[in-house]
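Understanding the architecture of this molecule
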Amino acid sequence: MKTFYCACGQQLFFDSHQCVYCQSRVGFAAAELDMVSLHPDVKTPQEEGAPLVDPAGRRFYLCDNELAYGNCNWLRDEHEGPGLCVACCLNRTIPNLSYPENHRRWHRLEQAKKRLIYTLLTLKLPLMGDVGPSLCFDFVEDGRSNVDFADEVHNTGYLAGVITVNLAEADDVAMESQRVAVNEQYRTLLGHMRHESGHFYLDYIRPGQEAAFSRCFGDPQRDYGQALQHYYEHGPPGDWQSGYISAYASAHPIEDWAETWGHYLHITDVLETAVSHGVLPPSVNGMSMAERIDIWRGLSLTLNELNRSIGHRDAYPFVLNDQVANKLVFVDKMAKGLRTPAPAEK
Ligand SMILES: [Zn+2]
Ligand SMILES: [Zn+2]
Ligand SMILES: [Zn+2]
């Protein structure tokens, strides 16, 4: 992710609501993928929800989820009028907020979702497609996190445009115990969302790409239910590391795609962050995917060593061998083919 600054020069975070130095209200303008500093418009009545102005005189509305729940720092351009921002529009089900702990869980889910959407926007990927279903999110709970929903089971997953995330994933204890139970080295909300978004984009690229997909990942028509059942009963093949980014990727070609897609988004985000902080040169942005993977291999080792230096687990406990790298190059090609044209190109 790139580095953001307030109009006063102070660095901002992606989820900042206010500049800690000049106290200005700040928000994220999705159309320009940048944070803007805001102040009340002296020319309009100062009612709740009235548009705010940036130093250039442009007016923005706060997202309705900010006004109602304090849970979003994204903005709407004045011409869009008031309402939900482009990321909150994608929520089909939000947590039941009559349970106080769900405010905190929803906040964490939104932080991960916003970071996912940011990367999808930087890659110019469609969110509300013409060819397939629009992307949307269900944030739901079941008996694992709330006894009032003891009869319900909702697993984190993807179906027909909908990314479902179980609220338990937003609790540290529940997530960590699940991570240990399924023997994963890495489990995060952002990782879940990036993986599930891979299923969404596969719906877009599959028509016409079946043969190329099969050469890279295997036959996507293989019986999915049977393959997953076999994976959960017998685990991954002993040599899974020779061809897959993760053990779970070996379960089925479609899961291999989604895992690889998730890592493609991880790499995209971290390389952008490294360039914007001066850790890597700007020339990395113009490199081929194969070159970027080489850079990433070195950078992720450094990242892990930095983590170990302060007693943390490896940030990126994965190995990108040549077979996995080839899959990432394929994902990059598919992602570039999905780019939405800029308005002038349409
Ligand atoms: Zn400031
Ligand atoms: Zn919003
Ligand atoms: Zn999946």
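Further remarks concern the coordination of the zinc ion (ligand 1). Protein coordination at the zinc ion (ligand 1) comes from Cys6 (SG), Cys8 (SG), Cys19 (SG) and Cys22 (SG), with a distance range of 2.3 Å. Here the donor residues of the zinc ion (ligand 1) are spaced in sequence according to C-x1-C-x10-C-x2-C. Here the residue cysteine 6 occupies a position in the loop between strand S1 (4-5) and strand S2 (11-12), and cysteine 19 occupies one in the loop between S2 and strand S3 (25-29), the gap between them amounting to 13 residues. We classify cysteine 6 as buried; its relative accessible area is 5%.

Let's shift gears to the environment of asparagine 146. The topology assignment puts asparagine 146 in the loop between strand S9 (136-140) and strand S10 (157-159). When the C-alpha atoms of asparagine 146 and leucine 320 are compared, they prove to be 39 Å apart, with 174 residues separating the residues in sequence. Excluding residues within four positions of it along the chain, asparagine 146 makes contact with Tyr99 and Glu141. Looking at asparagine 146, its side chain comes within polar contact range of the side chain of glutamate 141, at 3.4 Å.

A separate point is the coordination of the zinc ion (ligand 2). For the zinc ion (ligand 2), the protein coordination sphere consists of Cys63 (SG), Cys72 (SG), Cys85 (SG) and Cys88 (SG), at 2.2 to 2.3 Å. Coordination geometry of the zinc ion (ligand 2): the four donor atoms subtend angles of 105 to 116° at the metal centre, consistent with an arrangement described as tetrahedral. Read in sequence order, the donor residues coordinating the zinc ion (ligand 2) give the pattern C-x8-C-x12-C-x2-C. Note that cysteine 72 is positioned in the loop between helix H1 (64-69) and strand S7 (75-77) and cysteine 88 in the loop between S7 and strand S8 (91-93), a separation of 16 residues in sequence. Taken as a pair, cysteine 72 and cysteine 88 share a single burial class, namely buried.

To continue, consider the sheet that holds S10. Read from one edge to the other, the open sheet built from four strands follows the order S8-S9-S11-S10, with strand pairing classed as mixed. Single-partner strands in this sheet number two, and they are S8 and S10. When the angles between neighbouring strand axes are averaged without regard to direction, this sheet yields 30°. Relative to S9, S8 runs parallel, the two sharing two bridges. For threonine 93, the partnering residue across the bridge sits in S9 and is aspartate 138. Docked against the sheet, helix H2 (residues 101-122) engages S8, S9 and strand S11 (162-166), running at close to 160° with respect to S9.

Glancing now at unusual backbone geometry. Residues other than glycine seldom take positive phi values, yet glutamine 23 does so here, at roughly 70°. Considering the arrangement of structural elements, one finds glutamine 23 in the loop between S2 and S3. For glutamine 23, a relative accessible area of 47% puts it in the partly exposed group. With phi around 45°, alanine 160 is a residue other than glycine that occupies positive phi space. Residue position: alanine 160 is located in the loop between S10 and S11. For alanine 160, a relative accessible area of 55% corresponds to the exposed category.

The next subject is the pairing of S3. Where a strand is regular, its side chains alternate between the two sheet faces. Most of S3 is tucked away: four of the five residues are buried. Bridge analysis of S3 against strand S4 (residues 34-40) gives five bridges, and the strand direction is antiparallel. Residue pairing in the sheet places glycine 27 in a bridge with valine 36 of S4. In this structure, the hairpin formed by S3 and S4 is closed by a connection of four residues, where leucine 33 is found at a positive phi of approximately 50°.

Direction vectors running N to C along helix H4 (residues 189-205) and helix H7 (residues 253-276) enclose 115°, while the axes themselves pass 7 Å from each other. Once H4 is placed against H7, the crossing between them reads as right-handed. In this structure, H4 uses Gly191, Arg194, His195, Ser197, Gly198, His199, Tyr201, Leu202 and Ile205 to contact H7, whose residues at the interface are Ile254, Glu255, Trp257, Ala258, Glu259, Trp261, Gly262, Leu265, His266 and Asp269. When its residues are assigned to classes, the contact of H4 with H7 shows eight nonpolar, seven polar and four charged.

Turning our eyes to something else, we now look at helix H9 (residues 322-337). With 16 residues, H9 should cover 22 Å at 1.5 Å per step; its first-to-last C-alpha distance of 23 Å lies within 8% of that length. Turning to H9, its buried residues are Val324, Ala325, Lys327, Leu328, Phe330, Val331, Asp332, Met334 and Ala335. In this structure, the buried side of H9 is in contact with H4, helix H5 (210-217), H7 and helix H8 (289-309).

For H5, the complete set of buried residues consists of Ala212, Phe213, Cys216 and Phe217. Taken around the axis of H5, the buried residues stretch over an arc of 105°, which confines them to a single face. Where the residues of H5 are buried, they touch H4, H7 and H9. The first or second residue beyond H5 is glycine 218, which carries a positive phi of 105°.

Procedures and definitions
- Residues numbered from 1 in each chain as written.
- Chains lettered and ligands numbered in written order.
- Predicted model: local features only at pLDDT ≥ 70, side-chain atom pairs only at ≥ 80, totals over all residues.
- Heavy atoms only, no water.
- Donors = N, O, S within 2.8 Å, 3.2 Å for Na, K, Ca; no water.
- Helix = DSSP H or I, 4+ residues; strand = E, 2+ residues; numbered from the N terminus.
- Buried < 20%, exposed > 50% of the residue type's maximum accessible area, 1.4 Å probe, protein only.
- Contact = heavy atoms within 4.5 Å.
- Polar contact = N/O pair within 3.5 Å; in protein donor to acceptor, adjacent residues only side chain to side chain.
- Tetrahedral: all angles 85-135°; square planar, octahedral: opposite > 155°, others 65-115°.
- Pairing = 2+ DSSP bridges.
- Axes fitted to C-alpha atoms, helices over the stretch in contact; angles between N-to-C directions.
- Left-handed = near helix turned anticlockwise from the far one by under 90°.
- Nonpolar A, V, L, I, M, F, W, Y, C, P; charged D, E, K, R; others polar.
- Expected span 1.5 Å × (residues − 1).
- Arc of directions from axis to C-beta.

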